[in-house]
Amino acid sequence: MHNLSKRIFDIVLSIVGLIFTWWIILIAWIVATFETKSNGFFIQRRVGKDGKLFNVYKIKTMKKVDGVDTTITSANDVRITKSGKFFRDKKIDELPQLFNVLFGTMSFVGPRPDVEGYADKLTGEDKIVLSVRPGITGPASLKYKNEEEILSKQVNPKKYNDEVIWPDKVEINKKYIKNWSLKDDIKYIIKTVTG
């Protein structure tokens, strides 16, 4: 039953969200298109519910830089554009994910969808993370809202992400799934918008 209430909540809120933010998405897309000299939408395959791959939509905040090829982003990443820094700080780059929520590949609240090599490699009890739609926000996202800053202070950001941040996120997400409530989802959304 909670799956149905969560999905109805997601559909209604994503429609309301798109009604109020479509013009911000449009302006951000135009700016990103000019600054990156490519399509202003960033479309990337991520691991979703039941391990199925889907395309996540974001505003493009990075440009290609020769010799830099990693999916881990830190705050001082040379690939981040001027407008990209602003979009990331204000979370504007995340707004196109309202379409993901509307289409049912994502939820407002849940584990963040990762690139291949993380969630799809989970085993045992940890696989519960794949039993729900990934979210735009959630308890792990809120704890690590300054993740890029944390990673920028590490000698080896990828190693720190893989050995410290990722395992902690898995534990937080398992707890969220086991104790899910719509009231908590609303609380996480409010914290994300106001914090």
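To be clear, the structure that these remarks concern was listed above.
Rules behind the numbers
Residues numbered from 1 in each chain as written. Predicted model: local features only at pLDDT ≥ 70, side-chain atom pairs only at ≥ 80, totals over all residues. Heavy atoms only, no water. Phe/Tyr/Trp six-rings, centres within 6.5 Å; stacked < 30°, edge-to-face > 60°. Helix = DSSP H or I, 4+ residues; strand = E, 2+ residues; numbered from the N terminus. Buried < 20%, exposed > 50% of the residue type's maximum accessible area, 1.4 Å probe, protein only. Lys NZ or Arg CZ within 6 Å of the ring centre and 35° of its normal. Polar contact = N/O pair within 3.5 Å; in protein donor to acceptor, adjacent residues only side chain to side chain. Contact = heavy atoms within 4.5 Å. Pairing = 2+ DSSP bridges. Salt bridge = Lys/Arg side-chain N within 4 Å of Asp/Glu carboxyl O.

Novice: Residue-level account of the packing of aromatic side chains, with values.
Specialist: We describe a pair of aromatic rings using the distance from one ring centre to the other and the angle between the two ring planes. Enumeration over the complete set of coordinates arrives at five aromatic pairs. Between Phe 99 and Phe 103, the aromatic rings sit 6.1 Å apart at their centres with planes inclined by 35 degrees, giving tilted as the arrangement. In this pair, Phe 99 and Phe 103 both sit in helix α3 (residues 97-103), four residues apart, roughly one turn of the helix. The class for Phe 103 is exposed, based on a relative accessible area of 56%. Measuring from centroid to centroid gives 6.1 Å for Tyr 176 and Tyr 188, while their planes differ by 65 degrees, and the two rings are edge-to-face. Taken as a pair, Tyr 176 in helix α6 (residues 157-178) and Tyr 188 in helix α7 (residues 182-194) lie far apart in primary sequence, twelve residues in all. In terms of burial, Tyr 176 and Tyr 188 fall into one category: buried. Here Lys 187 stacks its cationic end above the ring of Tyr 188, 5.7 Å away from the centre of that ring.

Novice: Please give an account of the side chain of Lys 6 that cites residues and values.
Specialist: Structurally, Lys 6 is set in helix α1 (residues 2-36). For Lys 6, a relative accessible area of 9% corresponds to the buried category. Within the structure, the side chain of Lys 6 is placed 2.7 Å from the side chain of Asp 185, a separation counted as a polar contact. Those residues in contact with Lys 6 that sit more than four places away from it in its chain are Ser 107, Val 109, Tyr 176, Trp 180 and Asp 185.

Novice: Describe in detail the pairing of strand β2 (residues 53-59), supporting the description with residues and values.
Specialist: Relative to β2, strand β1 (residues 41-47) runs antiparallel, the two being bridged by seven bridges. Residue Gln 44 lies in a different strand from β2, and its bridge partner there is Val 56. Hairpin connection of β1 to β2: five residues between the antiparallel strands, including Asp 50 at a positive phi of 60 degrees.

Novice: Before we move on, could you go through the pattern of salt bridges and cite the residues and values that matter?
Specialist: A complete count under the given rule lists 17 salt bridges for this structure. One salt bridge in this structure joins Asp 126 and Lys 174, with 2.7 Å as the shortest N-O distance. With a gap of 48 residues between them, Asp 126 in the loop between β3 (107-109) and β4 (135-137) and Lys 174 in helix α6 connect regions that are remote in the sequence. What makes Lys 174 buried here is its relative accessible area of 7%. Of the charged contacts, one joins Glu 171 and Lys 174 as a salt bridge, the two residues approaching to 3.1 Å between their closest N and O atoms. In this pair, Glu 171 and Lys 174 both sit in helix α6, three residues apart, roughly one turn of the helix. Given the relative accessible area of 44%, Glu 171 is considered partly exposed.

Novice: Account for unusual backbone geometry, naming residues and giving values.
Specialist: Across the chain, the bulk of peptide bonds are trans and the bulk of non-glycine residues have phi less than zero. Positioned with a positive phi, Asp 50 is a non-glycine residue whose angle comes to about 60 degrees. Mapped onto the elements, Asp 50 comes out in the loop between β1 and β2. One non-glycine residue, Lys 91, lies in positive phi territory at about 65 degrees. Looking at where Lys 91 falls in the secondary structure, it is placed in the loop between α2 (82-89) and α3.

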